[in-house]
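# Summary of the model geometry
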Amino acid sequence: MTDTNSAPTETDYSATLFLPQTDFPMRAGLPKREPDWLARWEEMDIYAMQREQARDRPKFTLHDGPPYANGNIHIGHALNKTVKDLVSRSMQMMGYNSAYVPGWDCHGLPIEWKIEEQYRAKGLDKNDVPVNEFRQECRTFATKWVDVQRQEFKRLGVLGDWENPYLTMSFDAEATIANELMKVATSGQLYRGSKPVMWSVVERTALAEAEIEYADIESDTIWVKFPVVRGHRDPGEAYVDRRPPTADEINPRLVQDEAFVVIWTTTPWTIPANRAISYSSKISYGLYEITLAPSENWAKTGERYVIADKLATEVFAKAKVQAFQRLDTVSAEELSRIVCAHPLQNLGSGYYFDVPLLDGEHVTDDAGTGFVHTAPGHGLDDFGIWMDSARLLGERGIDTKIPYAVDDAGYYTKDAPGLEGARVIDDSGKKGDANDRVIAALAVRGAMVARGRVKHSYPHSWRSKKPVIFRNTPQWFVYMDRDIAGKAGDTLRSRALNAIDATRFVPGAGQNRLRAMIADRPDWVLSRQRAWGVPISVFVKKHSNDILVDEVVNHRIVEAFAAEGADAWFADDAKERFLQDRHDPADYDMVRDILDVWFDSGSTHAFVLENKQKWPDLKWPASLYLEGSDQHRGWFHSSLLEGCATRGRAPYDAVLTHGFTMDGDGKKMSKSLGNTVAPQDIIKQYGADILRLWVASTDYWEDQRLGKEAIQTTVDNYRKLRNTLRWLLGNIAHYDPADAVGFADMPELERLMLHRLAQARCSGAPGLQ
RNA sequence: UGGCCCGUAGGCUCAGGUGGUUAGAGCGCACGCCUGAUAAGCGUGAGGUCGGUAGUUCGAGUCUACCCGGGCCAACCA
């Protein structure tokens with residue numbers, strides 16, 4: 001037997017066997033081949049084919065939440081869009097007309113910043129450029145990123161109406177958004193109120209928290225005494241009324257003791273705006289008497305101060321007091337009932353009001369006096385406690401209106417009587433004369449205890465590096481608790497809460513989360529002092545807060561926006577153009593603020609789902625909103641309020657949330673930590689299908705981890721899946737229908753397998769709905 | 001600080017209705033088999049006391065409280 005003659009005699013068994021046979025390759029080569037597949041599908045226009053094919057089916061509308069058109073997509077976008085694609089395609093396969101119209105959020109601060117940055121690089125200033133020129137640059141910028149992200153999303157394999165997406169900045173969208181706002185205004189839900197914001201005097205602009213940086217600064221500090229008084233005096237009465245309390249007054253002994261409550265502040269200029277003093281029921285306070293002090297001292301022998309026990313020694317040292325004694329304990333309960341006079345009372349014939357004491361969580365006895373001077377227009381804590389107490393204070397006959405004590409240029413207004421024209425900060429960012437004027441006025445009235453200087457961390461503008469102030473400003477709000485159209489109990493809040501109950505949440509916890517937010521939230525602040533957005537397109541009667549309600553004018557505005565975009569509002573002749581023949585332009589002010597971008601995105605249901613010309617395959621309300629869990633505060637929330645305010649219900653039937661993608665160790669991804677995973681890299685190295693398979697195999701209700709290991713696991717799984725398919729294909733290569741075996745003739749084992757397969761199919765499908 | 005959510009194999013992804021004997025699966029790993037599905041396929045095995053503590057209970061991964069770790073939201077960031 002030799003090699004040469006053995007081979008021909010061997011039987012070629014391979015010809016007698018049904019060996020697996022297929023040209024389905026074992027290796028996918030996804031990064032190379034995926035682009036070809038996508039190109040082919042695009043050429044076939046599969047999306048249009050689907051619409052055609054599903055024209056008569058019931059509609060399933062997954063309404064796309066718009067990503068912000070700013071920068072490349074990250075893993076969060078990839079996860080979100082992939083899950084949407086899985087849902088949308090599944091519903092199409094399950095017999096619905098599942099159209100998917102992607103969209104983008106285009107207005108807003110981050111894009112403004114980018115353009116401003118470019119300006120600064122060129123030595124330009126935003127304020128020197130006509131607003132519509134600036135807006136045009138923002139528009140161009142957004143357009144560019146819409147195109148980039150569109151390509152990235154398509155590369156992910158997401159099927160949708162990519163040639164006809166929605167944009168919050170398209171003219172028809174801007175027109176609808178403005179129209180939605182005017183609906184809110186017309187139904188009496190819009191009002192002008194006030195709110196303190198971070199304000200840069202140098203730049204004459206409001207700042208977002210992200211635009212603030214902290215730096216050390218040396219400030220004047222003062223200790224000021226507020227006399228405890230009877231309260232409820234008539235204007236013009238004595239500076240300090242200490243007549244004994246009458247029977248119906250609940251004023252305590254501190255009046256007869258002629259006591260003072262002492263506060264400490266690093267911002268003397270906020271004293272004119274003081275409306276309350278905050279204390280803490282967790283701190284122990286005492287009544288102290290000065291037994292020895294220099295004769296010319298601000299703090300005089302015989303005066304009695306209420307101070308936190310822990311800080312008394314320090315305060316008296318600052319006040320150059322030589323000796324003092326503790327007379328008594330002052331309880332929190334007693335503090336809650338007393339009232340002080342304002343230390344500037346009488347200045348400019350003003351400051352005749354009661355200064356109540358409020359129990360505040362933010363008060364500590366680490367520094368100061370244990371009492372916090374509270375100017376609701378000039379501090380976040382101050383504003384918070386004041387608003388929280390507003391109802392009770394109102395019942396006590398105290399006016400809870402917050403004064404506009406400082407104007408946009410940093411000057412005192414008439415709300416700071418006797419000090420008008422003094423300045424907090426000047427144009428170069430330096431301290432103005434306000435502090436000195438206040439201190440002098442306090443000293444004249446004997447209200448000063450001590451003064452000093454302190455170095456501390458203080459907010460500065462990111463851009464100018466100059467100090468900023470917290471300043472009360474007029475803003476536009478939507479009522480949460482006012483009856484709509486005069487129907488008792490039919491408020492925005494009650495509508496929204498009902499709508500939440502009527503909505504299906506997946507997972508269910510989202511319902512509680514959103515309900516808690518709606519139940520607690522204050523009125524919606526709609527106004528922003530910015531340039532890139534849809535204007536609050538209303539007119540206000542001069543010297544009043546009355547909003548012009550005129551359907552003809554509103555119609556003109558909508559028509560103009562639809563034709564020219566919202567830039568029409570900022571054109572030179574806009575006021576005359578919209579009011580002509582109807583109202584005297586001289587009688588009205590035009591609101592120059594723009595809308596919160598959340599109102600834009602909250603209105604997408606109006607300009608997308610209801611636009612039958614552009615997207616006939618969509619329906620209102622949406623079947624589903626599907627976003628990350630952060631959107632409880634964002635898009636789910638704003639869409640809910642907008643829908644309830646204008647249509648009485650949520651614009652969606654169901655809400656599905658997914659978690660966030662963490663790094664391989666379960667830590668959040670961030671550029672600064674360098675632990676981000678870019679979807680572009682995965683696609684380049686492994687292919688979009690690996691990313692999609694990872695998304696499909698993860699439990700997206702919760703946060704997911706994505707690291708090297710998770711990717712490798714997915715690659716391995718993909719290979720197994722692929723080989724299983726290859727084996728199946730190989731095995732049916734020789735299949736001849738004539739050989740088919742009837743179900744009844746199958747062996748029991750085979751029947752069991754087919755039964756199991758059918759079961760698996762049934763159990764999978766409902767899970768998607 | 002507050003609201004909501006999450007925490008089960010020495011690596012990863014997850015099962016574990018109304019509390020009940022030795023807590024399951026896949027991937028990975030180790031060892032072995034096969035060599036006409038072969039940059040494949042098959043088998044066997046090791047590995048966890050369930051984030052921590054304290055309770056309730058005859059009995060808790062499963063209930064309660066507190067704590068620790070992580071996440072989302074609490075801002076004119078989206």
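Here the structure is shown first, and the text comes after it.
Residues numbered from 1 in each chain as written. Chains lettered and ligands numbered in written order. Predicted model: local features only at pLDDT ≥ 70, side-chain atom pairs only at ≥ 80, totals over all residues. Heavy atoms only, no water.

## A look at empty space enclosed by the protein
Quick note on the threshold: Note on definitions: the grid is 1 Å and covers protein atoms alone; a cavity is a set of points where a 1.4 Å probe fits but cannot get out; a pocket is an open set with protein on both sides within 12 Å along at least five of seven lines; lining residues have an atom within 4 Å of a point. Grid points are joined across faces, edges and corners, and a volume is the space filled by probe spheres set on the points. Any residue outside Ala, Val, Leu, Ile, Met, Phe, Trp, Tyr, Cys, Pro, Asp, Glu, Lys and Arg is labelled polar, Gly included; the first ten of those are nonpolar and the last four are charged. Working definition: helices are DSSP H or I runs of at least four residues, strands are E runs of at least two. Numbering for both runs from the N terminus.
One pass over the full model with this rule turns up two cavities of 30 Å³ or more. The computed volume of the largest cavity comes to approximately 70 Å³. Taken together, Met182, Ala185, Thr186, Ser537, Val538, Phe539, Ile547, Leu548, Val549, Val553, Asn554 and Ile557 make up the full set of residues lining the largest cavity. Residues belonging to the lining of the largest cavity are distributed by class as follows: nine nonpolar, three polar and no charged. Taken as a whole, the second largest cavity holds about 40 Å³ of empty space. What lines the second largest cavity is simply Tyr47, Gln50, Asp85, Ser88, Arg89, Gln92, Ser98 and Leu159. Secondary structure elements with two or more residues in the lining of the second largest cavity: helix H3 (46-53) and helix H4 (75-93). Examining the composition of the lining of the second largest cavity, we find that four residues originate from one element, H4, more than from any other. Here the lining of the second largest cavity is built from residues that sort into two nonpolar, four polar and two charged.

## Points about the sheet that holds strand E24 (residues 654-658)
Note the cut-off: In short, DSSP must find at least two bridges between two strands for them to pair. Only heavy atoms enter the contact rule, under which two residues are in contact if any of them lie within 4.5 Å. Only C-alpha atoms enter the line fits that serve as axes; for helices the fit covers just the stretch in contact. Angles between N-to-C directions range over 0 to 180 degrees.
Spatially, E1-E23-E24-E17 is the arrangement adopted by the four strands of the open sheet, whose pairing is parallel. Looking at strand neighbours, the two that pair on one side only are strand E1 (62-63) and strand E17 (504-506), the edges of this open sheet. Taken strand by strand, H4 contacts E1, strand E23 (624-628) and E24, and its axis lies near 155° from that of E23.

## Overview of the environment of Thr270
Our working definition: Here a polar contact is taken to be a pair of N or O atoms separated by no more than 3.5 Å, where protein atoms must pair a possible hydrogen donor with a possible acceptor and residues adjacent in sequence count only if both atoms sit in side chains.
Inspection of the secondary structure assignment puts Thr270 in the loop between strand E7 (259-265) and strand E8 (276-279). Along the sequence, Thr270 and Phe470 sit 200 residues apart, while their C-alpha atoms lie 9.7 Å from each other. Setting aside anything within four residues of it in sequence, one finds Thr270 in contact with Thr265, His373, Ala375, His378 and Tyr412. In this structure the side chain of Thr270 is engaged in a polar contact, spanning 2.7 Å, whose partner is the backbone oxygen of Thr267.

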